[in-house]
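Breakdown of the fold
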Amino acid sequence: SDKEVELLELPNNAWNVRVIRWPCFLLCNELLLALSQAKELVDSPDRRIWRKICKYEFRRCAVVEAYDCIRYLLREIIKPDSEEHSIVTALFQEIDHSLEIGKFTKVFKTTALPQIHSKLINLIELLNKGKKDTIQLVNALQALYEISIRDFFKEKRNNEQLKEDGLAPQNPSPEVLLFENAIQFPDTMNENFYHQIRRLHTILTSRDSMQNIPINLEARRRIAFFSNSLFMNMPHAPQVEKMMAFSVLTPYYSEEVIYSKEQLRTGNEDGISILYYLQTIYDDEWKNFMERMRREGMMKDSDIWTDKLTELRSWASYRGQTLSRTVRGMMYYYKALKLLAFLDSASEVEIKEGSRELVSSNQDSSEGFNLQRSPSSGASSSASLFKGHDHGTALMKFTYVIACQIYGTQKARKDPHADEILYLMKNNEALRVAYVDEVRKGRDGKEYYSVLVKYDQQLEREVEIYRVKLPGPLKLGEGKPENQNHAIIFTRGDAIQTIDMNQDNYFEEALKMRNLLEEFKHYYGIRKPTILGVREHIFTGFVSSLAWFMSAQESSFVTLGQRVLANPLKIRMHYGHPDVFDRFWFITRGGISKASRVINISEDIFAGFNCTLRGGNITHHEYIQVGKGRDVGLNQISMFEAKVASGNGEQVLSRDVYRLGHRLDFFRMLSFFYTTVGFFFNTMMVVLTVYAFLWGRLLLALSGVEAAMASNSNSNKALGIILNQQFIVQIGLFTALPMIVENSLEHGFLQAVWEFLTMQLQLASVFYTFSMDSMLVAIL
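Residues numbered from 1 in each chain as written. Predicted model: local features only at pLDDT ≥ 70, side-chain atom pairs only at ≥ 80, totals over all residues. Heavy atoms only, no water.

Further remarks concern the overall build of the protein chain. Helix and strand counts for the protein chain come out as 36 helices and 12 strands. By element, 56% of the accessible surface of the protein chain is carried by carbon and sulfur atoms, the whole surface being about 40,000 Å². (Helix = DSSP H or I, 4+ residues; strand = E, 2+ residues; numbered from the N terminus. Areas by Shrake-Rupley, 256 points an atom, 1.4 Å probe, with all protein chains shown as cover.)

Take the packing of helix 14 (residues 283-295) against helix 15 (residues 309-317) next. Running from N to C, helix 14 and helix 15 cross one another at 160 degrees; their axes reach a closest spacing of 12 Å. The orientation of helix 14 with respect to helix 15, classified from their angle, is roughly antiparallel. In this structure, the crossing between helix 14 and helix 15 has a hand that is right-handed. Of the residues in helix 15, those touching helix 14 at Glu-285, Trp-286, Phe-289 and Met-293 are Glu-311, Leu-312 and Trp-315. For the contact of helix 14 with helix 15, a count of residues per class yields five nonpolar, no polar and two charged. (Axes fitted to C-alpha atoms, helices over the stretch in contact; angles between N-to-C directions. Parallel < 35°, antiparallel > 145°, perpendicular 65-115°, else oblique. Left-handed = near helix turned anticlockwise from the far one by under 90°. Contact = heavy atoms within 4.5 Å. Nonpolar A, V, L, I, M, F, W, Y, C, P; charged D, E, K, R; others polar.)

So, on to helix 2 (residues 30-40). Along helix 2, the residues classified as buried are Glu-30, Leu-31, Leu-32, Ala-34, Leu-35, Gln-37 and Ala-38. Of the surrounding elements, those touching the buried residues of helix 2 are helix 3 (46-54), helix 4 (57-77), helix 7 (113-128) and helix 10 (191-205). (Buried < 20%, exposed > 50% of the residue type's maximum accessible area, 1.4 Å probe, protein only.)

What follows covers the UniProt feature "transmembrane region" (unreviewed entry) in the protein chain. The residues that UniProt annotates with the feature "transmembrane region" (unreviewed entry) are residues 672-700, 721-741 and 761-779. The annotated region residues 672-700 carries 97% helix and 0% strand content, and the separation between its end C-alpha atoms amounts to 39 Å. (UniProt positions renumbered as here; feature names shortened; annotations may be inferred.)

The subject of this paragraph is the pairing of strand 8 (residues 495-498). Along strand 8, one buried face is formed by Ala-495 and Gln-497 and the opposite face, lined by Ile-496 and Thr-498, is buried too. Pairing analysis gives four bridges linking strand 1 (residues 246-252) to strand 8, with the strands arranged parallel. Pairing of Phe-246 across the sheet is with Ala-495, part of strand 8. Looking at chain direction, strand 8 and strand 11 (residues 580-582) are connected through three bridges and run antiparallel. For Ala-495, the partnering residue across the bridge sits in strand 11 and is Asp-582. (Pairing = 2+ DSSP bridges.)

What follows is about the sheet that holds strand 7 (residues 461-469). Pairing in this open sheet of 10 strands is mixed, and the strands run 7-6-5-4-1-8-11-10-12-9 from one edge to the other. Of all the strands in the sheet, the pair left with one neighbour each is strand 7 and strand 9 (503-504). Contacts from helix 21 (residues 416-427) reach strand 1, strand 4 (398-404), strand 5 (431-441), strand 6 (445-456) and strand 7 within the one sheet, and its direction differs from that of strand 6 by about 40 degrees. Packed onto the sheet, helix 22 (residues 479-487) meets strand 1, strand 4, strand 5, strand 6 and strand 8 and runs at close to 140 degrees relative to strand 1.

Scanning the entire structure with this criterion turns up 28 aromatic pairs. Where Trp-15 meets Tyr-72, the ring centres are 5.1 Å apart and the plane angle is 25 degrees; that geometry is what we call stacked. In this pair, Trp-15 is assigned in the loop between helix 1 (2-8) and helix 2 and Tyr-72 in helix 4, connecting sequence segments 57 residues apart. Taking the relative accessible area as the measure of exposure, Tyr-72 reaches 26% and is therefore partly exposed. Clustering of aromatic rings is evident, with ring pairs tying together Trp-15, Tyr-72, Phe-193 and Tyr-194. Directly above the ring of Phe-153 sits Arg-157, whose terminal nitrogen or CZ lies 4.4 Å from the centroid. (Phe/Tyr/Trp six-rings, centres within 6.5 Å; stacked < 30°, edge-to-face > 60°. Lys NZ or Arg CZ within 6 Å of the ring centre and 35° of its normal.)

It is worth spelling out unusual backbone geometry at this point. In this structure, Pro-568 follows Asn-567 across a cis peptide bond, with omega equal to 20 degrees. Checked against the element boundaries, Pro-568 lands in the loop between helix 25 (545-566) and strand 11. Of note, the phi angle at Trp-15 is positive, near 60 degrees, even though the residue is not glycine. Owing to a relative accessible area of 7%, Trp-15 belongs among the buried residues under this scheme. Its identity as a non-glycine residue notwithstanding, Asn-16 has a phi of 55 degrees, on the positive side. Locating Asn-16 in the fold gives a position in the loop between helix 1 and helix 2.

The subject of this paragraph is the side chain of Glu-755. Summarising the element assignment, Glu-755 is placed in helix 35 (residues 749-761). This buried residue, Glu-755, is left without a salt bridge; Arg-221 holds the nearest opposite charge, at 12 Å. Residues within four places of Glu-755 in sequence aside, it is in contact with Trp-548, Asn-743 and His-747. (Lys, Arg positive; Asp, Glu negative; His and termini not counted. Salt bridge = Lys/Arg side-chain N within 4 Å of Asp/Glu carboxyl O.)

Most often, soluble globular proteins have nonpolar side chains that are buried together. One finds Trp-15, Leu-73, Leu-74, Ile-77, Phe-152, Phe-179 and Leu-200 to be the most contacted residues of the largest nonpolar core, which totals 60 residues. For this core, the secondary structure elements donating two or more residues are helix 2, helix 4, helix 5 (83-100), helix 7, helix 8 (134-151) and helix 10. In terms of residue count, helix 4 provides more of this core than any other element does, 10 residues in total. The contact partners of Phe-179, leaving out residues within four places of it in the chain, are Ile-78, Glu-84, Val-88, Val-138, Leu-141, Gln-142 and Tyr-145. (Core = buried A, V, L, I, M, F, W, Y, C linked by side-chain atoms within 4.5 Å.)

Right, let's talk about the pattern of salt bridges for a bit. Inspection of every chain in the model, using the stated rule, returns 37 salt bridges. For Arg-198, the salt bridge goes to Glu-6, with nearest N and O atoms at 2.8 Å. One end of the pair, Arg-198, is in helix 10; the other, Glu-6, is in helix 1, and 192 residues separate them in sequence. Arg-198 gets classed as partly exposed once you look at its relative accessible area, which sits at 24%. Linking Glu-94 and Arg-157 is a salt bridge whose minimum nitrogen-to-oxygen distance equals 2.5 Å. Highlighted residues: Glu-94 in helix 5 and Arg-157 in the loop between helix 8 and helix 9 (159-164), separated in sequence by 63 residues. Note on Arg-157: relative accessible area 23%, which makes it partly exposed.

Here it is as structure tokens:
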């Protein structure tokens, strides 16, 4: 919501504040604590009180900012040519002088500060309402003036002394109240002024309840992970101009790009539409979206389908597993690089004074930041120069290529997906689309070309950049790896990150991409890495119980499992598509994908096989993450498990596994066996053992052997131990142990145990049994 944004933002310097203006949630309760300290240390010298306040940086900043803002505000709402303005100026001059000479507590009563604090809150609340009520405002200023003059000073002064010091009017009129003719109301259209008013009110009134913001759980998770990641071991980030250039490659076929109006409104067989479903699971985000639309001029909620249809389609698409969500997430790299390039070239004075401002043209678009100087700097030509420099640097360091092999066919048959992809290219300058173009030659002949296109902002149309003739048709092997192979020639830079269609990214994580790319320069053992593993966050885990079970199982694999596989086992492969490849290394060694039909169903892991066989090095890094969407329905989960198991069955037949089996050392071979073939083999053996145990017990019960053993006092104790059912429970707990350990590391032990017990109450064991059976059926 707008309120949460104001609490979390780092605002520009305004109102002549002398300290860093931290986000409001960091200044929570600090001013009130400073007031209590000043009240307790009544007779203490200034140095002691100030040392107590300065012990906490946020408390010091809160006190200084509140004082500077109050001084600026009172001078702003009082006419500058009035006598009251000179009185207020004289009062602040006396306060400043006492602070400079270190005699504030000797001149003023700190016990009166709570009264002044309450009157200031009343004054600011009146201004925040935006109503031009002169009488109430005059009364509030009059009350604040009386406390400041009569109760704040330790030495009582009569009217003559106050006049001499400039703290009272020289010729007061009994018919006219003080401040009555000196009020000037700020313009109601001045949004920046009222923004500062709201911030000052928050600092003056904030208490511990601000710790509960933001309300959105996803926002809390992202902030928590980003904050924790800053304390992890990561390489030093170079300047943008000196960083490694990289590209992102996404294979796309015919999935949804942007939800259409009909798709959002049409219900399924249960009468549930996509929009209603998204409104239900993203209820707080939907309220924030409607609040934003009303602020932009929407009068009624029903106008969302007419006046704000484009924003509505974007909002829904960014919360489904669509191409537009993936594009927005990956284009955060471009926005982050432009921001970082700006910070590299700007001086500290420019950043502090706000002479160059970062303005986002659209919150949900990928246009990026407009970098320009403020009008006060008087350097418009320099602004365009710096903007072009930052813009060009980001374009040199980042390119996003979508491998959409049927885009040419979609354009030919006027498919709406083609127009939506063109819309994405138009709104994302660093986006390129690679597709396969079929050109007829003669009556029966065809020629195939790999084509790269982009949208030219000056020509306002799609333009072709490259056209490479292919030796034959494309569709000879598996679709996804072939889609990647024909487009990899259009990527640029030293590294390439492979991203699937169901993934997302976050702006704060994109800021750390420079650090991640520096890993290519560090030795891990005797070699530099050729694949940088990155952790995934399953963002579909909250949709349903099944999705939660699937995401919990997947999270333990893509975090704790990958971490252990990389170090100390040194047997991690390419298990996920957020991984970053050494582009030059892989292009000269067969590419990142193998496209042989059938045997390369799980095309990801073959890149790891190829890397290991050719002497590469694969690492895993936890300080950066990428979002990942998983299937949330039982049928889709079953199909996914079957695909993984079938792919592993095909891996057993491949020459890659054969060669690895001959060349790996003994310990790495054990790890490799368990993480590939052995996992599915063990799963199969466990399932078959359980079946054999149950059928054996049934046979013993029906044959009377079990009853005879029970009646015989000299029964075989060993057989009785074997027939004990507790080992089935032990197997289930052992398989759930990695998930418990991972949740303990991420959320704490008690939270991990609670989540495990909750899963058992929701019959998670039944789901995992079904998952294992799906694997067994696929393997057999």
